[in-house]
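# Structural overview for review
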Amino acid sequence: MKLVTWNVNSLKVRLPQVLTWLENNPVDVLCLQETKLTDDKFPQAEIEAAGYQVAFSGQKTYNGVAILSRHAITDVQKNNPLFEDAQQRIIAATIQDMRIICAYVPNGQALDSEKYPYKLSWLASLHEWVKQEMSQHASLAVLGDYNIAPEDRDVYDPAAWEGQNLVSPPERAALQALIDLGLSDSFRMFEQAEKSFSWWDYRQLGFRLNKGVRIDHILLSAALAARCTSCVIDKVPRKWEQPSDHAPVIATLD
DNA sequence: ATGGCTCTTGGGAAGAGA
């Protein structure tokens, strides 16, 4: 069983890469963020032709999320029912015995931006909702672009980033509170190379110099963590022409 | 370092991303 999260930064641009990647990496569940497509423009037929079922929730220009699955998708929930949000950032579904939550956490922009308190309140409400969902689903995964680097080792230059958006203590506390519900950061369940990141700036040779941050995560409930045998970041598609600035993160479960 | 790079809308220039 393979569960994946990938911020594709426009599915319109990246659909050929997603389909190529899936050909090379057959997976069970693929959560996408930043599809940037209204639902009427979503490439459902192409994805189904590749052998995947799909649930999606999008809007014009920004945000947008989707879940692709080899298996039947049921009980689709769009956005957090506890949080009024004009932005389409969450889609959840039940797949086999698992509750899958695909999330695109707000970026926050900067600590003095009005988007920063939005990010924190969004995360606080996510916490409440995930708590509810966990009480009903022992096997639960929250996959997505969290826009939070959990620790200093998840940042290429922690000193330069100290206190900034993506690493500030309130954001990290919000992520930790989510984990404290009983979730595990699957990536850190295993030995990993130093300076492992999931996002690199398009500018200034960010990828070539490995100036990145690890902000895309797969959190697993205890029942799923017990089945997890690996978690890796696939840097291959980041090397392709016209790549997303994010790399896919893949958790493998027995 | 003010930006850099990429994407979107709209058909040019500007906001957002992280």
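Residues numbered from 1 in each chain as written. Chains lettered and ligands numbered in written order. Predicted model: local features only at pLDDT ≥ 70, side-chain atom pairs only at ≥ 80, totals over all residues. Heavy atoms only, no water.

### Re the overall build of chain A
Put simply, the rule is: Numbering of helices and strands runs from the N terminus, with a helix taken as a DSSP run of H or I at least four residues long and a strand as a DSSP run of E at least two residues long. Here the radius of gyration uses the C-alpha set of atoms, whereas the globule reference equals 2.2 Å times the residue count to the power 0.38. Only protein chains enter the accessibility calculation, which uses a 1.4 Å probe. A residue is then buried if its area is under 20% of the maximum for its type, exposed if over 50%, and partly exposed in between. Two residues form a contact once any of their heavy atoms are found within 4.5 Å.
For chain A, the helix and strand inventory stands at 6 helices and 14 strands. Its C-alpha radius of gyration of 17 Å places chain A within 12% of the 18 Å reference for a compact globule of 254 residues. Taking the principal axes of the C-alpha coordinates as reference, chain A spans close to 45 × 45 × 40 Å. Taken over 254 residues, chain A has a buried fraction of 56%. Of the contacts formed within chain A by residues at least 6 apart in sequence, a portion of 69% connects residues at least 24 apart.

### Notes on the protein's contact with DNA strand B
Convention followed: Nearness here has a simple test: a residue counts as near a molecule or strand if at least one of its heavy atoms is within 4 Å of that partner. Polar contacts, as counted here, are pairs of nitrogen or oxygen atoms within 3.5 Å of one another; within protein the pair requires one atom able to donate a hydrogen and one able to accept it, and residues that are adjacent in sequence qualify only if both atoms are side-chain atoms. Here the term charged refers only to Asp, Glu, Lys and Arg, the term nonpolar to Ala, Val, Leu, Ile, Met, Phe, Trp, Tyr, Cys and Pro, and the term polar to all other amino acids, Gly among them.
Residues in close proximity to DNA strand B total 24 residues, the closest being Ser10, Glu34, Asn107, Asn147 and Arg203. Restricting attention to atoms of DNA strand B within 4 Å of the protein, one finds that 72% of them are sugar or phosphate atoms. A distance of 2.5 Å is found between a phosphate oxygen of DNA strand B and a side-chain nitrogen or oxygen belonging to Ser10. Here a base nitrogen of DNA strand B sits 2.7 Å away from a polar atom, N or O, in the side chain of Arg203. Residue composition of the surface near DNA strand B, by class: 8 nonpolar, 9 polar and 7 charged.

### Regarding the UniProt feature "site: Interaction with DNA substrate" (unreviewed entry) in chain A
Spelled out, the test is: UniProt positions are given in the numbering used here, feature names are shortened, and annotations may be inferred rather than shown by experiment.
Residues annotated by UniProt as "site: Interaction with DNA substrate" (unreviewed entry) correspond here to His246. Locating His246 in the fold gives a position in the loop between strand E13 (228-233) and strand E14 (249-253). The exposure class of His246 is buried, given its relative accessible area of 5%. When residues no more than four places from it in sequence are discounted, the contact partners of His246 are Trp6, Asn7, Asp145, Ser198, Trp199, Ile215 and Asp216.

### Quick look at the environment of Gln109
In this structure, Gln109 sits in the loop between strand E7 (98-104) and helix H3 (115-136). Gln109 sits 79 residues away from Arg188 along the chain, and the two C-alpha atoms are 26 Å apart. Contact partners of Gln109, with chain neighbours within four places excluded, come to Lys115 and Asn165. There is a polar contact of 3.2 Å between the side chain of Gln109 and the side chain of Ser113.

### Remarks on the state of the cysteines
Rules: Two cysteine sulfurs form what is called a disulfide whenever their separation falls within 2.5 Å.
Under the counting rule described, the total for this entry stands at 0 disulfides. Lacking any disulfide linkage, Cys228 is separated from the closest cysteine sulfur, that of Cys231, by 6.2 Å. Here Cys231 falls in the buried class, since its relative accessible area comes to 2%.

### Section: the sheet that holds strand E1 (residues 2-7)
Strand-to-strand pairing in sheets goes through backbone hydrogen bonds, with the strands running parallel or antiparallel. Short version of the rule: Should DSSP find at least two bridges between two strands, the strands are taken to pair. Note on definitions: angles span 0 to 180 degrees between N-to-C directions of axes, and those axes are lines fitted to C-alpha atoms, for helices only across the stretch in contact.
Spatially, the 6 strands line up as an open sheet ordered E3-E4-E2-E1-E14-E13, and their pairing is mixed. Among the strands making up the open sheet, the edge pair consists of strand E3 (53-57) and E13. In this sheet, neighbouring strand axes are inclined to one another by 10° on average, regardless of whether the strands run parallel or antiparallel. Examined bridge by bridge, E13 and E14 share 5 bridges and lie antiparallel to one another. Paired with Cys228 across the strands is Leu253, a residue of E14. Helix H1 (residues 11-24) contacts E1, strand E2 (29-33), strand E4 (65-69) and E14 of the sheet and is inclined by roughly 155° relative to E1.

### Structural notes on the environment of Pro150
Mapped onto the secondary structure, Pro150 falls in the loop between strand E8 (140-145) and helix H4 (158-161). Along the sequence, Pro150 and Glu171 sit 21 residues apart, while their C-alpha atoms lie 8.6 Å from each other. Setting aside anything within four residues of it in sequence, one finds Pro150 in contact with Arg172, Leu175, Asp185, Arg214 and His217.

### Section: the UniProt feature "binding site: Mg(2+)" (unreviewed entry) in chain A
In the UniProt entry, the feature "binding site: Mg(2+)" (unreviewed entry) is given for Asn7, Glu34, Asp145, Asn147, Asp245 and His246. Annotated residues spanning 240 residues; largest pairwise C-alpha distance 12.9 Å, indicating a single compact cluster. By the secondary structure assignment, Asp145 is in strand E8. With near-sequence residues (within four places) excluded, Asp145 lies in contact with Thr5, Asn7, Gln33, Ala103, Tyr104, Val105, Ile215, Asp216 and His246. A relative accessible area of 11% means that Asp245 is categorised as buried.

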